[in-house]
Amino acid sequence: MKCKMNYNNTIYACFIGYIVQAIVNNFVPLLFLTFHSTYDISIDKITMLVTFNFIVQLVIDLLSVKLIDKIGYRISVIMAHIFSAVGLIGLAVLPEVFFDKFLAILISVIIYAVGGGLIEVLVSPIVESCPTERKDAAMSLLHSFYCWGHVGVVLISTLFFMLFGIENWRFMTLVWAIVPIMNSLFFIKVPIAPLIKEGEKKLELKEILKLKTFWIMILLMFLAGSCEQSVSQWASAYAESQLNLSKSIGDLLGPLMFAAMMGISRAYYGKCSEKINLDKFMFISSILCFASYICISLCPVPFIGFIGCGLCGLSVGILWPGTFSMASETIKGGGTAMFALLALAGDLGCSMGPTYVGLMSGAFNDDLKKGILLAVIFPAVLIVTLIYFNKIKSEYNR
């Protein structure tokens, strides 16, 4: 007897989708030193892999504004998983075929970045469209799976490398490729509801761009990405420089603690959302984020400063999914264009935040604590923006 799929299955498929995005974003960085030593690829070229991954995902965010509605959500999300799988398989296969090893890896990164970018744009609106209650809870829980995926990818891959040797990384790559392959089959079967409800007017792009509320949401998403990545991207460097840890331990301890705390925050809200006011939770989280930046940058005790990194992860957890939920609630009929532009703003913040910290740190003789102190402007503006939004919210309820 066949088991009929329901919208809970759709949400589960989206959860796995975010694990796929965690795989394509966080597995390859574990291999950077291996690529350097095995293929004699320079560090500056390896750094370009991260840049291209980010650029491709930004381009996908932008193209999705018009493209996804024409293709359809089901075909788009299935293709996203196929791109992710093909990119991972290419990573294991192409360097053995191509003479130019860097080009082989770069092609693979570009292919799976297309998949990762599509997944980021698609899964949130798919969850939002499901005819279920507590959508904000589902959204927060959805985004927590990226965090758990990040932690799982690093821990499982590291354990594999310890047991079987880093030289067998291709087998681990192919194992990870199984996840998007299986989830693409899942998405063939699950129901996908239309994002624009029956009787609801779909807003055209030009109408969305005229809404004051939309631009507030764009600013919130940019600040959410900036607040998150300004510390997350520098957490390992902070652990190494302040706690005198080795690079390998710092690379594990810093980002994993940040990701785990961020996941805990999202899972907590997902479980207890009925008892929590989202606006208040966002505001309290932004204040905690501000305090964590101060703790990281000004606390004279290095270990307490490192704990501040964990508090930052806890505080930023709700910001990204919470903004998605607030946008869905206040801008009815925004559709794919709204979600794609919000993802674009968030990704820009994820890029510019850590870049700003790096530039400010460099201006003060590579003092990372001063760089993070000057980045306190991100949570500060976030607090002001949330206060302003809550004042005008009632005027824009549609």
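Everything below is about the structure shown above.
First things first, this report covers the structure right here in the doc. (Residues numbered from 1 in each chain as written. Predicted model: local features only at pLDDT ≥ 70, side-chain atom pairs only at ≥ 80, totals over all residues. Heavy atoms only, no water.)

### Section: the pattern of salt bridges
- Evaluation of the coordinates by the stated rule reveals four salt bridges.
- Residue Arg-170 is joined to Glu-96 by a salt bridge in which the shortest nitrogen-to-oxygen separation is 2.7 Å. Separated by 74 residues along the polypeptide, Arg-170 in helix α7 (residues 169–189) and Glu-96 in helix α4 (residues 73–97) bring together distant segments of the chain.
- Residue Glu-96 is classed as partly exposed on the basis of its relative accessible area, which comes to 49%.
- The shortest N-O distance in the salt bridge between Lys-370 and Asp-367 comes to 3.2 Å.
- The class of Lys-370 is partly exposed, set by a relative accessible area of 37%. (Salt bridge = Lys/Arg side-chain N within 4 Å of Asp/Glu carboxyl O. Helix = DSSP H or I, 4+ residues; strand = E, 2+ residues; numbered from the N terminus. Buried < 20%, exposed > 50% of the residue type's maximum accessible area, 1.4 Å probe, protein only.)

### Focus on the packing of aromatic side chains
- With the rule as written, the count across this model stands at twelve aromatic pairs.
- Their ring planes at 10 degrees and their centres at 4.5 Å tell us that Phe-15 and Phe-145 sit as a pair that is stacked. Placement of the pair is Phe-15 in helix α1 (residues 7–26) and Phe-145 in helix α6 (residues 135–164), with a sequence separation of 130 residues.
- By relative accessible area, which is 8% here, Phe-15 ends up buried.
- Phe-145 gets classed as partly exposed once you look at its relative accessible area, which sits at 25%. (Phe/Tyr/Trp six-rings, centres within 6.5 Å; stacked < 30°, edge-to-face > 60°.)

### As for the packing of α1 against α4
- Close contact between α1 and α4 brings their axes to 11 Å; oriented N to C, the two are set at 30 degrees. By the angle between their axes, α1 is roughly parallel relative to α4. You can see that α1 and α4 cross each other, and the crossing is left-handed. Here Gly-17, Val-20, Ile-23 and Val-24 of α1 lie close against α4, whose contacting residues are His-81, Ser-84 and Leu-88. (Axes fitted to C-alpha atoms, helices over the stretch in contact; angles between N-to-C directions. Parallel < 35°, antiparallel > 145°, perpendicular 65-115°, else oblique. Left-handed = near helix turned anticlockwise from the far one by under 90°. Contact = heavy atoms within 4.5 Å.)

### Quick notes on the nonpolar core
- Membership of the largest hydrophobic core comes to 94 residues, with the highest contact counts inside it found for Phe-187, Met-217 and Tyr-293.
- Sequence-distant contacts of Tyr-293, defined by excluding residues within four places in its chain, comprise Ser-226, Cys-227, Ser-230, Val-231, Cys-312, Ile-372, Ala-375, Val-376 and Pro-379.
- Membership of the second largest hydrophobic core comes to 25 residues, among which are Ile-23, Val-28, Leu-31 and Ile-46. (Core = buried A, V, L, I, M, F, W, Y, C linked by side-chain atoms within 4.5 Å.)

### Re the packing of α4 against α7
- Interaxial distance between α4 and α7 falls to 9 Å at its minimum, and their mutual angle equals 165 degrees. With respect to α7, the element α4 is oriented roughly antiparallel. For the pair α4 and α7, the sense of crossing is left-handed.
- The class makeup of the residues in the contact of α4 with α7 is 15 nonpolar, five polar and four charged. (Nonpolar A, V, L, I, M, F, W, Y, C, P; charged D, E, K, R; others polar.)

### Thoughts on the side chain of Ser-230
- Relative to the assigned elements, Ser-230 resides in helix α9 (residues 212–232).
- A polar contact of 2.6 Å, which involves the side chain of Ser-230, links it to the backbone oxygen of Ser-226.
- A distance of 3.4 Å separates the side chain of Ser-230 from the backbone oxygen of Gly-353, its partner in a polar contact.
- Not counting residues up to four positions away in its chain, the partners in contact with Ser-230 are Tyr-293, Gly-353, Pro-354, Val-357 and Phe-378. (Polar contact = N/O pair within 3.5 Å; in protein donor to acceptor, adjacent residues only side chain to side chain.)

### Some points on α9
- Here α9 is 21 residues long and its end C-alpha atoms lie 30 Å apart, about the 30 Å a rise of 1.5 Å per residue gives.
- By the criterion of burial, α9 is predominantly enclosed, with 18 of the 21 residues buried. (Expected span 1.5 Å × (residues − 1).)

By themselves, these observations are geometric and do not establish any function.
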